[in-house]
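Each chain, letter by letter, is given below.
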Amino acid sequence: MSTAEQDIIIEVKNVHFSYEEGGPDSLDNVSLKIRRGSKVAFMGANGCGKSTFFLCCNGIHKPCKGTILFNGEPVDYSKKGLLDLRGKVGIVFQDPDNQLFSASVYQEISFGALNMGMGPEKAKKEVEEVMDYLEITPFRDRPTHALSGGQKKQVSIADILVMHPDVMILDEPGAALDAKHTKKVNEIVDKLAEEGITILMATHDVDYALSWADEIILMHEGKVLLQADPVTVCTNVEALTMTNQEEPAVLRLFRQLRSKGILKQDLKPPVSMKELERYIEQTGK
Amino acid sequence: MIVVDKLCYRSKLRYVNASEKFVFSILTLLFCVVSRSLVIAGIVFAVNSYLTVQKGKIPGLLYARLLTIPFLFLIMSTLAIIVNISKIPLDAYAIPVGSFFITGSFQSLLFGIQLIATAMASVSCLYFLSLNTTMTDFLRVLLKLRCPKILAELMLLIYRFIFVLLETASAIMVSQKSRLGNKDLRTSLDSFGKMGAGLLLRAFWRSNALYDAMESRCYDGEIRVLEEEYPVRRAEIAAIAAFELVLLGITIWRKTL
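Just so it is clear, the structure is predicted and the values come from calculations on it, not from any experiment.

A. A look at the overall build of chain A. Within chain A one finds 12 helices and 10 strands. In terms of overall dimensions, chain A is globule-like: its C-alpha atoms have a radius of gyration of 20 Å, near the 19 Å expected for 285 residues. Expressed as a percentage of its 285 residues, the buried residues of chain A come to 53%. Of the roughly 12,800 Å² of accessible surface on chain A, a fraction of 50% belongs to carbon and sulfur atoms. The averaged location of the 42 negative side-chain charges in chain A is 3 Å from the averaged location of its 33 positive side-chain charges.

As structure tokens, this is what we get:
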């Protein structure tokens, strides 16, 4: 296996998936590669197949056609193979109420660790460490239904983190969260990315995807419409419009400033407001 | 249900070993039922109320309000024993109504009072357990008592889903009200039925989603979670044993009278 091939953690080849036999394809000939340690944002209109794709990556859904390779090996759909895969590819579901089931936070987090075959002592240690890391120790004994939306999301992330996955999938982690909790969740995600965990995140926040991701995958009607670096995707207004997304505010502003001659034509598109501010400050000088 | 759940998480007796609380309340309940004594019922009711309100710091007013529910139910059902309609007046009281009497005997009056006292004392035992023990701890006690694991797992999932579905039901009802879904009795009944149907469908959908989420965390048919147990304290065991011995003594004394 070449170094470039070793660098690919997930490879999807011509995958088709349908929820009903003979029904429309929710995933229609999807092919893509995910680099190890990268941060990938999945974008697209509601129902475009992002969540279905994630469930295929975790082995919950088996593709009707095509192959998914994890670390260069085709996914093994035997019981043992699936348990191995699920220990390495974790999903944080969009609605925490569909994920959290235990009567207390402590028990909830221990579930995945014990299922992976960790001994009780090791699992205890791991659970305590994850709770400390994500700052959820203060509500460790609370029932999951008594948590706020942000706390539930933190616990959902802890659920997966305790399993030490190589890939963490977050399905719209900012959905139904206020700005403060979204920031908190984003900080956690950044910390995980710094530790080398491959992050796949579904989001509708184009501004965040532009500044955060290494790569954006734009999906449309079960197909991959575009896979490229964030600037290439976010400057493709036609593709964004087709997938019900808007051009990021920072790029819109940059375009207008450039067209009015305020900013130089040869400047690279900024990925954040801070970068744009720097351009404007430099122009002033 | 939600109030009881909230209260047990706030109780100061929450961190007392759950097995101790379970043994205490069940033994005490047994003495209440077996003895059928007014003295024991009085003692048990007083002790459980003291423990729940004073030691557990459960608000007294709320505790009293919770007790009124079974109390009203008991009063209604005991009326049939205490009140008779007869042509012949009995010894306790007799109110003439035409050619009949609303009447009762001393024996049935005493029996009714004894029944209410025993039932209220028994309820106080169960309230002590449910207001001071979380569901997590309670399930652990059941498992220790060799309750089938599948039953405990089902209880855990049902417990979780009660709250999820209550939230969903409440959201549906608010949405219906905001669209005049309760403008008259007929519409209200119709809305309630539709809410029930919608809730059933969502329950199915949610259970599928939950199963997927559990599978994604390597679920293989058995729910494994870490248990945390609070230490057993000798002083508490001694106090429980002493109290139960007193109840046993009174029970024997009352039975031999």
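Moving on, there is more to tell.
B. Quick look at empty space enclosed by the protein. Tallied over the entire structure, the rule returns 1 cavity of 30 Å³ or more. Considered as a void within the structure, the largest cavity measures approximately 100 Å³ in volume. The set of elements that each furnish at least two residues to the lining of the largest cavity consists of α4 (105-115) of chain A together with α6 (135-144) of chain B. Element by element, the count of residues in the lining of the largest cavity is highest for α6 of chain B, at 3 residues.

C. Main features of the sheet that holds strand β1 (residues 84-86) of chain B. All names here are of chain B. Within the open sheet, the 3 strands sit side by side as β1-β3-β2. Their pairing is antiparallel. Of all strands in the sheet, those bounded by a partner on one side alone are β1 and β2 (93-97). Each strand of the sheet is rotated relative to its neighbour by a mean of 30°, with strand direction disregarded.

D. Expanded view of the layout of surface pockets. The volume enclosed by the largest pocket comes to roughly 630 Å³. Lining the largest pocket are 23 residues; nearest its centre among them are Y19, S51, L55 and D171 of chain A together with W205 of chain B. When residues of the lining of the largest pocket are traced back to their parent elements, those giving at least two are α2 (50-57) of chain A together with α8 (185-215) of chain B. The leading source of residues in the lining of the largest pocket is α2 of chain A, at 5 residues. For the lining of the largest pocket, the class distribution of residues is 8 nonpolar, 10 polar and 5 charged. Together, 13 residues line the second largest pocket, and L51, F128, E236, A239 and I240 of chain B are the ones closest to its centre. At the level of secondary structure, the elements contributing two or more residues to the lining of the second largest pocket comprise α2 (18-35), α3 (38-55) and α9 (234-256) of chain B. At 4 residues, the largest contribution of residues to the lining of the second largest pocket is made by α9 of chain B. Partitioning the lining of the second largest pocket into residue classes produces 9 nonpolar, no polar and 4 charged.

E. Inspection of the side chain of R86 of chain A at higher detail. Checked against the element boundaries, R86 of chain A lands in helix α3 (residues 79-88). There is a polar contact of 3.2 Å between the side chain of R86 of chain A and the backbone oxygen of N58 of chain A. Residues contacting R86 of chain A, with those up to four places away along its chain left out, are N58, G59, I60 and M163 of chain A together with E215, S216 and C218 of chain B.

F. A look at the domain arrangement of chain A. Residue and element names in this part refer to chain A. One can read the domain layout of chain A as domain 1 (36-58 + 77-244) and domain 2 (248-285). One C-alpha centre belongs to domain 1, the other to domain 2, and the line joining them spans 32 Å. With 8 residues of domain 1 in contact, the opposing surface of domain 2 contributes 8 residues. Both faces considered, domain 1 and domain 2 share a buried interface measuring about 620 Å² in area, 77% of it formed by carbon and sulfur atoms. Of all residues in domain 1, the largest losses of buried area upon contact with domain 2 belong to D207, L210 and V231, amounting jointly to 60% of the total for that side.

G. Representation of the environment of D5 of chain B in the model. Looking at where D5 of chain B falls in the secondary structure, it is placed in helix α1 (residues 2-10). Since its relative accessible area comes to 8%, D5 of chain B is described here as buried. Along the chain, D5 of chain B and M135 of chain B lie 130 residues apart, while their C-alpha atoms are 8.1 Å from each other. Apart from residues lying up to four places away in sequence, D5 of chain B is in contact with P143 and H145 of chain A together with Y159 and F163 of chain B. Side chain to side chain, D5 of chain B and Y159 of chain B meet in a polar contact 2.5 Å long.

H. Focus on the domain arrangement of chain B. Residues and elements named next belong to chain B. Each domain of chain B was delimited in the assignment, giving domain 1 (2-143 + 229-256) and domain 2 (148-215). Spacing between the C-alpha centres of domain 1 and domain 2 amounts to 33 Å. Facing 8 residues of domain 1, the contacting portion of domain 2 comprises 7 residues. For the interface between domain 1 and domain 2, the tally reads 1 residue pair in polar contact (both at pLDDT 80 or more). Residue assignment for the side of domain 1 that touches domain 2 shows that the elements contributing at least two residues are α1 and α6. Of all the elements, α6 adds the most residues to the side of domain 1 that touches domain 2, at 5 residues.

I. Seen up close, the sheet that holds strand β3 (residues 39-44) of chain A. Residue and element names in this part refer to chain A. Strand order in the open sheet formed by 6 strands is β6-β7-β8-β3-β9-β10, with mixed pairing between adjacent strands. Each of the sheet's edge strands pairs with one partner strand only, and the pair in question is β6 (89-92) and β10 (223-228). Strand after strand, the sheet turns through a mean of 20° between neighbouring axes, direction not considered. Sheet contacts for α3: β6 and β7 (167-171); angle to β6, the most-contacted strand, approximately 60°. This element, helix α6 (residues 149-161), spans β6 and β7 of the sheet and lies at about 170° to β6.

About the thresholds
- Residues numbered from 1 in each chain as written.
- Chains lettered and ligands numbered in written order.
- Predicted model: local features only at pLDDT ≥ 70, side-chain atom pairs only at ≥ 80, totals over all residues.
- Heavy atoms only, no water.
- Helix = DSSP H or I, 4+ residues; strand = E, 2+ residues; numbered from the N terminus.
- Rg over C-alpha atoms; globule rule 2.2 N^0.38 Å.
- Buried < 20%, exposed > 50% of the residue type's maximum accessible area, 1.4 Å probe, protein only.
- Areas by Shrake-Rupley, 256 points an atom, 1.4 Å probe, with all protein chains shown as cover.
- Lys, Arg positive; Asp, Glu negative; His and termini not counted.
- Charge placed at Lys NZ, Arg CZ, Asp CG, Glu CD.
- 1 Å grid on protein atoms, 1.4 Å probe; cavity = no way out; pocket = protein on both sides within 12 Å on 5 of 7 lines; lining within 4 Å.
- Points joined across faces, edges and corners; volume = space filled by probe spheres on them.
- Pairing = 2+ DSSP bridges.
- Axes fitted to C-alpha atoms, helices over the stretch in contact; angles between N-to-C directions.
- Nonpolar A, V, L, I, M, F, W, Y, C, P; charged D, E, K, R; others polar.
- Polar contact = N/O pair within 3.5 Å; in protein donor to acceptor, adjacent residues only side chain to side chain.
- Contact = heavy atoms within 4.5 Å.
- Domains from an automatic or database assignment.
- Buried area = accessible area lost by both parts, 1.4 Å probe.

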